[in-house]
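Examining the three-dimensional arrangement
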Amino acid sequence: MININILYYIPLVIIFISVPVSIKYRTFAYVLSVISSIAFIFITFNRYNYITYFYMISGAVWIISSIYSISYSKSYGKWLSPLFLLTISGMMVILYSSNFLIFITGWEIMSIPAYVTVAVNKRNDAEAYVLCFSLKYPQFLLLQQRLCHIFIPAILDLTS
């Protein structure tokens, strides 16, 4: 039987619930994002672990950007808030990832809404291409490194 601490994943559930809510109730969804970020900071806090500081910084940035987005998104269409919240949820999945597949899934959840946000609000075509390259190139390098880890030792197996 798998032992999963349900409280540990509450911020992730809250942020994913806020995405469909944000289509109809934008401000409430941003408040849910702030609550999720605060819960993320408190739940992942461990005084003796150095990664805690990265979690705290990430949560603080999400709180600040969510509060700022309440007034900022009024000048944009209704799709900015769900795309923004999907991007945050992808970042949260990346931080929760325990293996490479979940990491890549979180990366995709983060990057695809970012592309759409740039495409919807574009003023210049170059911005979308620069964002696409900057988000996909590191993913390509990570995938290449992982594949080399898997296949190179099998190819160079000199023990037989």
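What counts, and at which threshold
Residues numbered from 1 in each chain as written. Predicted model: local features only at pLDDT ≥ 70, side-chain atom pairs only at ≥ 80, totals over all residues. Heavy atoms only, no water. Phe/Tyr/Trp six-rings, centres within 6.5 Å; stacked < 30°, edge-to-face > 60°. Helix = DSSP H or I, 4+ residues; strand = E, 2+ residues; numbered from the N terminus. Buried < 20%, exposed > 50% of the residue type's maximum accessible area, 1.4 Å probe, protein only. pLDDT = per-residue confidence, 0-100. Patch = residues over 30% accessible without salt bridge, like charges linked within 9 Å, V, L, I, M, F, W, Y side chains within 5 Å. Areas by Shrake-Rupley, 256 points an atom, 1.4 Å probe, with all protein chains shown as cover. Salt bridge = Lys/Arg side-chain N within 4 Å of Asp/Glu carboxyl O. Axes fitted to C-alpha atoms, helices over the stretch in contact; angles between N-to-C directions. Parallel < 35°, antiparallel > 145°, perpendicular 65-115°, else oblique. Contact = heavy atoms within 4.5 Å. Nonpolar A, V, L, I, M, F, W, Y, C, P; charged D, E, K, R; others polar. Core = buried A, V, L, I, M, F, W, Y, C linked by side-chain atoms within 4.5 Å.

In the structure shown here, the tally under the stated rule is 8 aromatic pairs. Between Tyr-8 and Tyr-96 the ring centres are 5.0 Å apart and the planes differ by 85°, which places this aromatic pair in the edge-to-face class. In this pair, Tyr-8 is assigned in the segment before helix H1 (10–24) and Tyr-96 in helix H4 (residues 80–96), connecting sequence segments 88 residues apart. Classification of Tyr-8 as partly exposed rests on a relative accessible area of 28%. Ring plane angle 40° and centroid distance 5.7 Å describe the contact between Phe-103 and Trp-107, whose orientation is recorded as tilted. Taken as a pair, Phe-103 and Trp-107 lie in helix H5 (residues 100–120) at a separation of 4 residues, close to a single helical turn. Each member of the pair, Phe-103 as well as Trp-107, carries the same accessibility label: buried. Through a chain of ring-to-ring contacts, the aromatic side chains of Tyr-8, Tyr-9, Phe-40, Tyr-55, Trp-62 and Tyr-96 assemble into a single cluster.

Here the focus is the confidence of the model for the protein chain. For the protein chain, the average pLDDT comes to 79, and 72% of its residues sit at 70 or higher. Across the protein chain, helix H2 (residues 26–43) holds the top mean pLDDT of 90, while helix H6 (residues 125–155) sits lowest at 64.

Right, let's talk about a nonpolar patch on the surface for a bit. Taken together, the side chains of Tyr-25, Phe-28, Val-31 and Ile-35 define a hydrophobic patch exposed on the protein surface, amounting to about 400 Å² of accessible area. Examined against the element boundaries, Tyr-25 turns out to sit in the loop between H1 and H2.

This brings us to the packing of helix H3 (residues 51–72) against H4. Where H3 meets H4, the axes come as close as 11 Å, and the angle between the chain directions of the two elements is 175°. The pairing of H3 with H4 is recorded here as roughly antiparallel in orientation. Mapping the contact onto sequence places Phe-54, Tyr-55, Ser-58, Trp-62, Ser-65, Ser-66, Ser-69 and Tyr-72 in H3 and Leu-80, Phe-84, Ile-88, Met-91, Met-92 and Leu-95 in H4. Grouping the constituent residues of the contact of H3 with H4 by class yields 10 nonpolar, 4 polar and no charged.

To continue, consider the nonpolar core. Counting 14 residues, the largest nonpolar core has Leu-12, Ile-15, Phe-40, Trp-62, Leu-85 and Met-92 as its most contacted members. Of all the secondary structure elements, the ones that give two or more residues to this core are H1, H2, H3 and H4. Looking at this core element by element, the count peaks at 6 residues for H4. With residues near it in sequence (within four places) discarded, Ile-15 still touches Ser-33, Ser-36, Leu-85, Ile-88, Ser-89 and Met-92. Ile-94, Ile-104, Trp-107 and Met-110 belong to the second-largest nonpolar core, a separate cluster that totals 5 residues.

In this structure, Ser-33 sits in helix H2. Residue Ser-33 is classed as buried on the basis of its relative accessible area, which comes to 0%. Through-space distance from the C-alpha of Ser-33 to that of Ser-18 is 6.8 Å; in sequence the pair is 15 residues apart. Apart from residues lying up to four places away in sequence, Ser-33 is in contact with Ile-15, Ser-66, Leu-85 and Ile-88.

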